[in-house]
Amino acid sequence: MSSTASVASPAARLRALRPDWLSDPKVWRTEVLAGLVVALALIPEAISFSIIAGVDPAIGLFASFTMAVVISVVGGRRAMISAATGAVALVIAPLNREHGFGYLVAAVILAGAFQIALGALGVAKLMRFVPRSVMVGFVNSLAILIFMAQVPEMHDVPWAVYPLLVGGLVLMVFFPKITTVIPAPLVSIVILTVITVAAGIAVPTVGDKGALPSSLPVPGLPDVPFTMDTLTTIAPYAFAMALVGLMESLMTAKLVDEMTDTQSNKTRESVGQGIANIVTGFFGGMGGCAMIGQTMINVKVSGARTRLSTFLAGVFLMVLCIVFGPVVSDIPMAALVAVMVMVCFATFDWHSIAPKTLKRMPAGEIAVMAVTVAVVVATHNLAIGVVAGSITAMVIFAKRVAHLAEVTAVTDPDGSTVVYSVTGALFFASSNDLVGQFNYATDPAKVIIDLTAAHIWDASSVAALDAIESRYGQRGKTVEIIGLNEPSAELHGKLTGELTSH
């Protein structure tokens, strides 16, 4: 009996390690179709981002292919899509414009190295300091940016675009009520393409965005001199790209975590993004990071949950371009715009702006969300918006906590001693007001400061306590500090008397 169990145990462990899509045909079908939908939506976006970066459309498509395939293996968040992005394109466009494509590729490789280093140093742990209000603002501003990106495709176009757009939206709303076996976006793209081709309707198509590549990318070294001058030229752009790419990727990973009620390895994701960018650079791509819009298509609209959809999105992208290029070129942009508009509505947190929610939400939380959205929409940079929102949240938090430090005084009946009880967190914001809450002139000769219900967080608080002791000392009075917890006592003992030059 024990022998059978020992033989079966390794087999059971192997089954447990197998991906879901290998054992469940339904999951496999969902992942494959989701990857196809994402690949179709990636093509025009990758071409658009190539134009922003000032490179050939094939460069953006190659980057999307290599980023998706590599990150599907080394990334820390399953089902998240990484490819060429607008944020990265904006960062490296000036480098390409001023120094040439070789320097752009070198910067992508260096950015990947920076991301691996930052990941190893634990930069992903900083995500814990991003408040929920910033996350909500991030999601809402993302939805707004995605919609704004579609507006040019709906402006100054043939009238036939509008009924096609409406038809695509109607299909995506009502088709899931019939069946969810095939993703509604895929059905919408196929039907609208068939209609426009069969009826000969002249509308903007994917082919109008640029020529699709006809062969796979070939690895090689960047065409730059390997000198210190080159390094100093590309380093600022590479570091900016690394930070922007990591921030967008980690924010997207956190968003998918919440949507799917699962956890992901943020450190592995950070390192994985670096590896993917290094590989992309050696294959002549423009680099990238997590794509929030495409991830929403994959996870929220199509229901994908595994690495297979991410891998196939990259593979299908190249297959569609190289093998089915003429067919893909005929896809009307209206079909893809309809998909992205649906993604906008699905992504936006409508509950966050409901009157009932706004009435209950603290004013500070609403302000943080509004600042995040405003900065992102103004700069078209999600990373800058997240930083601005987080700083705003910290300022509001510091202001709120500063008022939580309270001081109460009790004088002994004989009038020889006064005990000040301090309650709350003592840090730079609250300790500034601490010095003024003592009666230096009228207090008796012995003063006791009880910090049992307080905690010292920084040097500013120690300096404030030193200042209090100094003021009493100038009047010939003694101060005794009691009730320090262990961390506070250690910090106070290390810094007291050392923070002033006299």
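Since the structure is predicted, the reported quantities are computational estimates derived from the model, not experimental observations. (Residues numbered from 1 in each chain as written. Predicted model: local features only at pLDDT ≥ 70, side-chain atom pairs only at ≥ 80, totals over all residues. Heavy atoms only, no water.)

Trainee: Mind showing me how you'd approach empty space enclosed by the protein here?
Mentor: The probe, sized like a water molecule, is rolled over the atoms to show the empty space still left. A full pass over the atoms with the stated rule returns one cavity of 30 Å³ or more. Its volume calculated, the largest cavity comes out at about 50 Å³. Looking at the largest cavity, the residues that line it are E153, M154, V157, V161, L165, P204, M333, A334 and V337. If you list the elements that add at least two residues to the lining of the largest cavity, you get α8 (161-178) and α15 (333-347). In terms of residue class, the lining of the largest cavity is made up of eight nonpolar, no polar and one charged. (1 Å grid on protein atoms, 1.4 Å probe; cavity = no way out; pocket = protein on both sides within 12 Å on 5 of 7 lines; lining within 4 Å. Points joined across faces, edges and corners; volume = space filled by probe spheres on them. Helix = DSSP H or I, 4+ residues; strand = E, 2+ residues; numbered from the N terminus. Nonpolar A, V, L, I, M, F, W, Y, C, P; charged D, E, K, R; others polar.)

Trainee: Looking at this model, I keep getting lost on the side chain of T193. Mind explaining?
Mentor: With respect to the helices and strands, T193 occurs in helix α9 (residues 184-199). By relative accessible area, which is 11% here, T193 ends up buried. Apart from residues no more than four positions distant in its own chain, T193 is found in contact with D330, I331 and P332. (Buried < 20%, exposed > 50% of the residue type's maximum accessible area, 1.4 Å probe, protein only. Contact = heavy atoms within 4.5 Å.)

Trainee: Got a minute to help me understand the environment of P217 in this structure?
Mentor: Counting through the fold element by element, P217 comes out in the loop between α9 and α10 (228-260). Taking relative accessible area as the criterion, P217 reaches 11% and is therefore assigned buried. Taking the C-alpha atoms as reference points, P217 and F49, separated by 168 residues in sequence, lie 18 Å from one another. Each residue touching P217, except ones within four places of it in the same chain, is listed here: F62, F65, F283 and M318.

Trainee: Got a minute to help me understand the nonpolar core in this structure?
Mentor: Note that soluble globular proteins tend to have their nonpolar side chains buried in a common cluster. Counting residues in each nonpolar core, the largest one holds 107 residues, and the members touching the most others are I43, L61, M286, I297 and L317. Every residue in contact with I297, bar those within four places of it in the chain, is listed here: V37, V38, A41, S302, V339, M340 and V343. Counting 23 residues, the second largest nonpolar core, distinct from the first, contains V407, Y420, L465 and V479. (Core = buried A, V, L, I, M, F, W, Y, C linked by side-chain atoms within 4.5 Å.)

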